[in-house]
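# Summary of the model geometry
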Amino acid sequence: MTNHAGNNLVQIQGTGRATVDLKSELERLKTLSGSEYWRELQNLASSGTVGADLLNELPWREMAGAENGLDRRNFFRLMGASLALAGLTGCTKQPPEKIVPWVVPPAEMPQGTPLFFATAMPFGGAATGLLVKSFMGRPIKIEGNPRHPASLGGTDRFAQASILDLYDPDRSQAILHRGGISSWIVFLGHVSRELQRASSDQGAGLRILTGTVNSPTLGRQIRDILARFPAAKWIQWDPTARDNAFNGAVMAFGQPVNAVYQLAKARTILSLDSDFLTCGPGTDRYAREFAQTRGTRGGANMSRLYVVESSPTSTGAAADHRLPLRCGQMEAFVRGVAQAVGAPGGANPPAEHARFVQAVAKDLQSSRSASVVIPGDWQPPVLHALAHAINAAIGAPGTTLLYTDPIEANPVDHLASLRELVGEMRAGRVDTLVITGTNPVYSAPADFRFAEALDRVRLRIHHGLHFDETARLCHWHVPDTHYLESWSDARAFDGTASIIQPLIAPLYNGRSAHEIANALLGQPDRSGYDTVRGYWRGQQSSAEFELFWRRALYDGVIPNSAAAPRTVSVRGDLAAQASSRPEAKGYEIVFRPDPTVWDGRFANNAWMQELPKPITKLTWDNAVYVSPKTARDLQLSDEDLVELQYRGRTVQAPVWVVWGHADDSFTAFLGYGREHGGRVAKGAGVNMYTLRTADAPWTGTGLAVRKLGQKYKLACTQRHKWMDGRYPVRFATAAQFEKDHDVFHKHPFEHAPDREDTLYPNWEYTGYAWGMAIDLNACVGCQACVVACNAENNIPVVGKQEVYNYRVMHWLRVDEYWHGDERNPHFFNQPHMCVHCENAPCEVVCPVAATLHNSEGLNEMVYNRCVGTRYCSNNCPYKVRRFNFLLYSDWYTPSLALMRNPDVTVRSRGVMEKCTYCAQRIQSAKIGSELQNRRIADGEIKTACQQACPADAIVFGDINDRNSRVSRLKSEHNNYGLLAELNTRPRTTYLARLRNPNPELETEAEHHA
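Residues numbered from 1 in each chain as written. Predicted model: local features only at pLDDT ≥ 70, side-chain atom pairs only at ≥ 80, totals over all residues. Heavy atoms only, no water.

Regarding its fold elements, the protein presents 32 helices and 42 strands. Looking at the 1009 residues of the protein, the share that counts as buried comes to 61%. Within the protein, contacts between residues at least 6 apart in sequence are counted, and of these 74% link residues at least 24 apart. Taken as a whole, the protein presents about 38500 Å² of accessible surface, with 50% of it coming from carbon and sulfur. (Helix = DSSP H or I, 4+ residues; strand = E, 2+ residues; numbered from the N terminus. Buried < 20%, exposed > 50% of the residue type's maximum accessible area, 1.4 Å probe, protein only. Contact = heavy atoms within 4.5 Å. Areas by Shrake-Rupley, 256 points an atom, 1.4 Å probe, with all protein chains shown as cover.)

With 87% of its residues at a pLDDT of 70 or more, the protein has an overall mean of 86. Within the model, the stretch residues 29-70 combines pLDDT values under 50 with 76 contacts to residues more than four positions away or in other chains. Across residues 1004-1009 the pLDDT falls below 50, and counting only partners more than four positions away or on other chains, this stretch makes twelve contacts in the model. (pLDDT = per-residue confidence, 0-100.)

Before going further, it helps to spend a moment on the packing of aromatic side chains. In this structure the tally under the stated criterion is 33 aromatic pairs. With 6.0 Å between their ring centres and 50° between their planes, F333 and F356 make a pair best called tilted. One end of the pair, F333, is in helix α12 (residues 327-341); the other, F356, is in helix α13 (residues 354-367), and 23 residues separate them in sequence. Neither F333 nor F356 differs from the other in exposure class; each is buried. Here a set of aromatic residues connected by ring pairs shows up, and it is made of W487, Y529, Y535, W536, F545, F548 and W549. Over the face of the ring belonging to W549 we find R533, whose NZ or CZ atom lies 5.2 Å from the ring centre. Over the ring of F883 we find R870, and its NZ or CZ is 5.4 Å from the ring centre. (Phe/Tyr/Trp six-rings, centres within 6.5 Å; stacked < 30°, edge-to-face > 60°. Lys NZ or Arg CZ within 6 Å of the ring centre and 35° of its normal.)

Once that is clear, we can look at helix α15 (residues 414-426). With 13 residues, α15 extends 18 Å between its outermost C-alpha atoms, agreeing within 8% with the 18 Å of an ideal straight helix rising 1.5 Å per residue. The complete set of buried residues in α15 reads H414, L415, S417, L418, L421, V422, E424 and M425. Next to the buried residues of α15 lie β9 (206-210), β10 (233-236), α8 (243-253), β17 (432-436) and α17 (450-454). One side-chain oxygen of the residue at the start of α15 lies 3.1 Å from the amide nitrogen of L415, identifying that residue as D413. The positive-phi residue at the C-terminal boundary of α15 is G428, with phi of around 80°. (Expected span 1.5 Å × (residues − 1). Polar contact = N/O pair within 3.5 Å; in protein donor to acceptor, adjacent residues only side chain to side chain.)

A few words on the pairing of strand β14 (residues 321-324). A two-sided burial pattern is seen for β14, the buried positions comprising H321 and L323 on one face and R322 and P324 on the other. Pairing geometry for strand β13 (residues 304-309) and β14, over four bridges, is parallel. Bridging across to β14, V307 finds its partner in R322. (Pairing = 2+ DSSP bridges.)

Once that is clear, we can look at the pairing of strand β6 (residues 138-144). Buried residues dominate β6, accounting for seven of its seven residues. As paired strands, strand β5 (residues 126-135) and β6 are joined by six bridges and run antiparallel to one another. Bridge assignment links L130 to a residue of β6, and that residue is G144. Counted between consecutive antiparallel strands, the loop separating β5 from β6 contains two residues, among which M136 sits at a positive phi close to 55°.

Read across the sheet, four strands follow the order β39-β32-β41-β40 without closing on themselves; strand pairing throughout is mixed. On the outer flanks of this sheet lie β39 (954-958) and β40 (975-977), each paired with one strand and no other. Averaged over neighbouring strand pairs, the angle between their axes works out to 30° when direction is ignored. (Axes fitted to C-alpha atoms, helices over the stretch in contact; angles between N-to-C directions.)

The subject of this paragraph is a nonpolar patch on the surface. Judged by side-chain polarity, L887, W891 and Y892 come together as a nonpolar surface patch covering roughly 350 Å² of accessible area. Along the chain, the position of W891 falls in the loop between β37 (882-883) and α28 (894-899). For W891, a relative accessible area of 46% puts it in the partly exposed group. (Patch = residues over 30% accessible without salt bridge, like charges linked within 9 Å, V, L, I, M, F, W, Y side chains within 5 Å. Salt bridge = Lys/Arg side-chain N within 4 Å of Asp/Glu carboxyl O.)

Our next topic: the nonpolar core. Ranked by size, the top nonpolar core spans 115 residues in total, and within it L644, M688 and W770 carry the most contacts. Of all the elements, helix α5 (residues 157-166) adds the most residues to this core, at six residues. Those residues in contact with L644 that sit more than four places away from it in its chain are V624, R649, T650, V651, M688, L691, L703, A704 and V705. (Core = buried A, V, L, I, M, F, W, Y, C linked by side-chain atoms within 4.5 Å.)

The next thing to look at is the pattern of salt bridges. Here the structure, examined in full by the defined rule, presents 49 salt bridges. The salt bridge involving R647 is made with D695; its shortest N-O contact spans 2.5 Å. In this pair, R647 sits in the loop between β25 (640-646) and β26 (649-657) while D695 sits in the loop between β27 (665-670) and β28 (699-701), placing the two residues 48 residues apart along the sequence. According to the relative accessible area criterion, R647 is partly exposed, its value standing at 37%. D695 gets classed as exposed once you look at its relative accessible area, which sits at 58%. Residue E856 pairs with K926 through a salt bridge whose shortest N-O separation is 2.8 Å. Residue E856 is located in the loop between β35 (851-853) and β36 (859-861), and its partner K926 is located in helix α29 (residues 919-931); the two are separated by 70 residues in the primary sequence. K926 shares its class with E856; the two are buried.

This next bit is on the sheet that holds strand β15 (residues 371-375). Reading across from one edge, β14-β13-β12-β15 is the order of the four strands in this open sheet, with parallel pairing throughout. Either end of the sheet is taken by a strand with one partner, and the two such strands are β14 and β15. Each adjacent strand pair in this sheet contributes to an overall mean axis angle of 10°, direction not counted.

All right, on to the environment of P169 then. Structurally, P169 can be placed in the loop between α5 and β7 (176-177). Sequence separation of P169 and L896 is 727 residues, and the distance between their C-alpha atoms is 7.7 Å.

Among the secondary structure elements, S967 is positioned in helix α31 (residues 965-970). Residue S967 is classed as buried on the basis of its relative accessible area of 9%. Of the polar contacts made by the side chain of S967, one reaches the side chain of S964; its length is 2.9 Å. When residues no more than four places from it in sequence are discounted, the contact partners of S967 are D958, I959, D961 and R962.

Turning our eyes to something else, we now look at the environment of Y587. Mapped onto the elements, Y587 comes out in the loop between α21 (574-577) and β22 (588-593). Sequence-wise, Y587 and T630 are 43 residues apart; in three dimensions their C-alpha atoms are separated by 9.6 Å. Aside from chain neighbours lying at most four places away, what touches Y587 is R326, T630, L634, D664, F666, G700, T701, G702 and L703.

As structure tokens, this is what we get:
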């Protein structure tokens, strides 16, 4: 693309060449009237060679690298031309839609000062309250909203990574009609004609297919559409929907309910294959509340966690007792617990698990209302019903468990809803199908053959962020807006509502779901802003609405909107409803959402692809998990390629041997094997949806496994940066710690060196002395800290091959350690970053003094000095330095440049990088405090990892301040320095892990620390 400023010409070069005279076009626009007004580049270029060139050149049909030779560089040249021409759309001025910052800046605040705005992210059927940092009108960092009950100031990895989705250059960027570029005006005209046609039979052939909707406004809009077209239907499909919880509640109570746990009050917790600490609605709050009851924080009332699961999870790693169990054996176990506590539906437990069942039941009965049983979302309805019955028997409701009405706008069984739609499509009863917020061609059960049924629908409209598998089979595709680009609302896990306010205008001319719904309502001119305001105006008194609206935007929470607790009773015929089923024999397959890409919606997010998965630390792929015993039985080892045969379908996938996995069970993760939806997603991993069937969406037996005799290379960071022969993680039982507080400091080779016992000079700190303490009792290994560090410090991804070459660039990693036998070991998480040694081995070996010790104890990196000798990395015993081998930072994608933190240098090739304790945040706080002539208050500075941590496991501050929180933690008896025997005197220390085992289950081997 070339821009000749002198003659106002723009040339777009491709297979042909077209020239747009901008000056003449502006003059022509002045003469247009009526329907000839244009709002987009596509309208302006809809005729002549410009329109033809755009149709042929832009990769709307996945044409990158196709016959027209469009490469990545030319793609972004064309997008630059699009943005240049789009700037001409100044014919009309939209009314202002004001957003409200979370912190109101003073009038004298200089230009460029970042602001924070409260909003919320809908995900997994619930919303999480967020604060989003905006710099010069562009959002660059996400934090948790401390005023929101679902986050309490923390976040999860998905929320942190969602900022990258906003700037994803692979997002859909134009409205398409049958593969060609169209416009919003043309789309509205088409929809208007179709609605007139639908009115003749009250919308009998109209179907609306959405994902999970928990937006009160959107729910109202869809109900209004159904009122306008009484014969139309609303279907919901989310491949990770909590259908089993829905049906289990109906089985137990006769109606659906929402379960809200209050773990701060719990002393005994039984998790039934529920990863409640890192996945699902309310997970951030649950991690925070659980951490409050652990280690020295829990004190004498330290909680006890039992976990029964088939595949190891982060919640299982936090357990005091963990039992690996096939999913097919889970029901018998739960019935044993039910019988022991006197709940309906109980039965004698299997003999091999009787000891564990009795110990758990005794603990639950002892704690009574301070106990709770948490069933996993993916367990069958009968298990959910039994869990409700057990909770009722021990008195959990009202204390550790609250029941409310469902938080969804229309709670339904998603699988049954989709099954009905597929049947109607095959029967030819669906004339028009509008799909928004879901990708059923990719994620629907394989036996539904959704793509085949979809082909029988006359008019198919798709609305989504990407031109994905479903969009390719639809007649119309309308780009969706990111939640940071549009107005909406959503409810949290407890029903608390928040207004979703945008921080930036739509980057790619997207339209929100509210605007699509308005189009179906015959109100195409009504904006999302007016729609959301209109809904909430109806919920408030008109005299006070403006005050309510501003306060809701400012706080990020609508006051008093949480769902009221309900009292429900277990049905008297529950035992008959929850009839027992015999355990099926043979190998079972277990489907689970992937811990990083989830159901596939984050598959094009490079941060999530490169984020190591909990427990295994795999990246860029999904593997089938298997236990060591089953692997030996089948003569399998890591990276062996196998063929999985299940119910007439086959797929080839690599295996990964996982300690603590249940025998005769194979865990397959969803979300990979995408064919469309972005360049990052395409080709990564294996599509396990092709094996998933409607009658057994989460687990089933009858799996056949055949070894193919080939290897598939997997990139795993667990094998990076080993500290062999050391004692990085320390743990003991609470009883041991109470008896001997020095139990953690009796490891071989360790000593507490005197200050003079060193060849290094002593440092004196008269001002601040920064340090960090990490509580291993609170850390749940969710890795939100890793993604937050990526976003804050402009850390690049390197790709699968470079991860395989041990060249990952993460400044912070969370290592996994195991203790015990392979069948059921203890798992431990330990975050690792630069520990900022007092006696830093890296500093003395740098030939150009690129790594320095500053006056506040930080080990700094001067990037412009670094010449890449890597001596510092070789001399670092903690292996926390990263070398930029191949210019991993993306310097060329324009949208990604908007995302970067301007306070942190974007590094080039040949530079050593490491954690800086977020030096930019320290400097910002110092400048602010010096202007006010005061010291920095404790807690005023939070590093990115600390602020993101949902469990509050990371604490940073001034260790010269003896009253600071970090100083108090460092004075705890279980505080220790990593590799302290090397006399590096690290500024980052750890609080050793305390376990609270049941003496009736603890063996001598488990008891030994």
